[in-house]
Each structure stands twice: as C-alpha cells, then as structure tokens.
Amino acid sequence: MASGREVWGAGGGAAGDPAQFLAVLGRSWLWILGSAIATLVPGVLVLVWPDGTLRVLAVLIGLYLLATGAFRFVGAFARDDHGERLPGLLLAVLYVLGGVLCLRNPLQTIAALSLIVGAVWLVSGIVTLYTAIAAKGMPHRGIVIGAAALAVVAGVVVLALPAESARALTRLLGLWLVLLGLVEVAIAFAWRAAVRRSGVTGRHGSTGPV
C-alpha cells in the first residue's frame, strides 16, 4: 500500500483526518492492485475448482463483492471533487449489498447468484464508464473505459444466458472474474506509471483513479 510516510504524514495531519487518510490510500497504485487481486483470486479458484459446491461458490462470490466494495469505498476518496466521489460511494454500497445477498443464503440457486453478480457488474460498468468520460485529467482514460465496457459486457452476458447448466455458468463467472482482474492489474500499473511520470505522489495527486 502507500508508504507509512505518505499515509500518515499527508498534509501533516492524515492521522487526524480520516478523509485525507482514505484519499492518500485510495491514490496508491498498490491499493488498486489489491483490488485486482481480490477479483483475480476467486476467479482462479472457481476456474480450477468448477465442481465445488454451490455453497463454496456463493461464499467466494460474496467475499469478492464485499472486498471490492471496500476497495471502491476507499478509492472514492481519491477524487478531490466531492461530487465525483458520489458514484464511487454508490458503487461501494452496490457491491457490499450484492455480497451480503450472496452470503445471506449460500444455498441459493446458481441462477440467483448469476442475477446478483450480473446486475452488479452491469451497473458498475455503466457508472464507471460515465465517470471515466466525465472526469477531467484522468490518466489512461482509455484503459478505464475499456475496463468499464468489459464489466458491462460481462453483466449483460451473465444476465442473458439461461441457467440450465450450473457448471457452465460457474466457469463463465470464473472467466469474467479473471478477465476483470487482469484489466484492473493493467490499470494499477498504468496508474503507477502516470504517477511516476508526473511526479505526483499519494499526498499531492489531484486526481485519483476511478
């Protein structure tokens, strides 16, 4: 994550200002990388263990959504404009709600899981796409737009496919998780490169990633 000096010393008072602390943390490329790993790991587990029980799948998806919600919440504070933070905070709530629904009843059908995940991906992709287009000065805007478009496609595909084959849908969910995770990895390293080129640190960055 961001170094202790950047996080605790930002503005001389991050330790006493939770919003500033979260802003510095959210601008760290390692925080974005952490979000990517939180997406990749369950995707890989689902792909290498497609015959796992529905309970295990529901728990994995639920934990993924909760973790992503936490990363989105912190990432929202990386935006300096309070108005631009709102989409990120709304997405964080959406992910957490989806995670709670998955964990609340881990014995629900694969169709219900697909509906939850597909809806979260679709809404998240649309909101992120809008934010990426509307935000000013965003580095590597094209990569973020590509990630948002991929989330939209993932949501549409998962929602559109019939739930006749639990195994097929399980593999599909795992594949989309891996693809989305790899795109997030690319965003993390692109963000690191942009920060190094501009000389912007987690303390002075004016624009954080979506």
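Parameters and conventions
Residues numbered from 1 in each chain as written. Predicted model: local features only at pLDDT ≥ 70, side-chain atom pairs only at ≥ 80, totals over all residues. Heavy atoms only, no water. Helix = DSSP H or I, 4+ residues; strand = E, 2+ residues; numbered from the N terminus. Buried < 20%, exposed > 50% of the residue type's maximum accessible area, 1.4 Å probe, protein only. Contact = heavy atoms within 4.5 Å. Areas by Shrake-Rupley, 256 points an atom, 1.4 Å probe, with all protein chains shown as cover. Expected span 1.5 Å × (residues − 1). Axes fitted to C-alpha atoms, helices over the stretch in contact; angles between N-to-C directions. Parallel < 35°, antiparallel > 145°, perpendicular 65-115°, else oblique. Left-handed = near helix turned anticlockwise from the far one by under 90°. Patch = residues over 30% accessible without salt bridge, like charges linked within 9 Å, V, L, I, M, F, W, Y side chains within 5 Å. Salt bridge = Lys/Arg side-chain N within 4 Å of Asp/Glu carboxyl O. Core = buried A, V, L, I, M, F, W, Y, C linked by side-chain atoms within 4.5 Å. Phe/Tyr/Trp six-rings, centres within 6.5 Å; stacked < 30°, edge-to-face > 60°.

A. Quick peek at the overall build of the chain. Helix and strand content of the chain: eight helices and zero strands. Order of helices (α) and strands (β) in the chain, N terminus to C terminus: α-α-α-α-α-α-α-α. When each of the 210 residues of the chain is scored for burial, the buried share is 47%. Sequence-distant contacts, at least 24 apart, represent 75% of the contacts inside the chain between residues at least 6 apart. Here the chain has roughly 9,900 Å² of accessible surface; of this, 71% comes from carbon and sulfur atoms.

B. Local environment of helix H7 (residues 141-160). Helix length check: H7 (20 residues) gives 28 Å between terminal C-alpha atoms against 28 Å at 1.5 Å per residue, within 8%. Buried within H7 we find Val144, Ala147, Ala148, Leu150, Ala151, Val152, Ala154, Gly155 and Val158.

C. Fine view of the packing of helix H4 (residues 54-76) against helix H6 (residues 110-134). The geometry of H4 relative to H6 is characterised by a closest axis approach of 11 Å and an angle of 20° between their N-to-C directions. With respect to H6, the element H4 is oriented roughly parallel. Remark: the crossing between H4 and H6 carries left-handed chirality. Residues Leu54, Leu57, Ala58, Ile61, Tyr64, Leu65 and Arg72 of H4 touch H6, and the partners they reach there are Ile110, Leu113, Ile116, Val117, Val120, Trp121, Ser124 and Thr128.

D. Region of the structure containing a nonpolar patch on the surface. Judged by side-chain polarity, Ile37, Val41, Val44, Leu45, Val48 and Trp49 come together as a nonpolar surface patch covering roughly 560 Å² of accessible area. Tracing the backbone through its elements, the reader meets Val44 in helix H3 (residues 29-48).

E. Local environment of the nonpolar core. Core analysis: the largest hydrophobic core is formed by 25 residues, its most contacted members being Ile61, Leu65, Trp121 and Trp176. Contact partners of Ile61, with chain neighbours within four places excluded, come to Cys102, Val117 and Leu177. Within the second largest apolar cluster, 10 residues are counted, among which are Ile32, Leu40, Ala147 and Val185.

F. Seen up close, the packing of aromatic side chains. Per the counting criterion, the structure on display carries four aromatic pairs. Ring geometry for Trp29 against Phe189: centres 5.3 Å apart, planes inclined by 45°, an arrangement best described as tilted. With Trp29 in helix H3 and Phe189 in helix H8 (residues 166-198), this residue pair connects regions lying 160 residues apart in the sequence. Residue classification places Phe189 among the partly exposed residues on the basis of a relative accessible area of 37%. A ring pair is formed by Phe73 and Phe77, whose centres lie 5.3 Å apart and whose planes are at 70°; its orientation type is edge-to-face. What makes Phe77 buried here is its relative accessible area of 14%.

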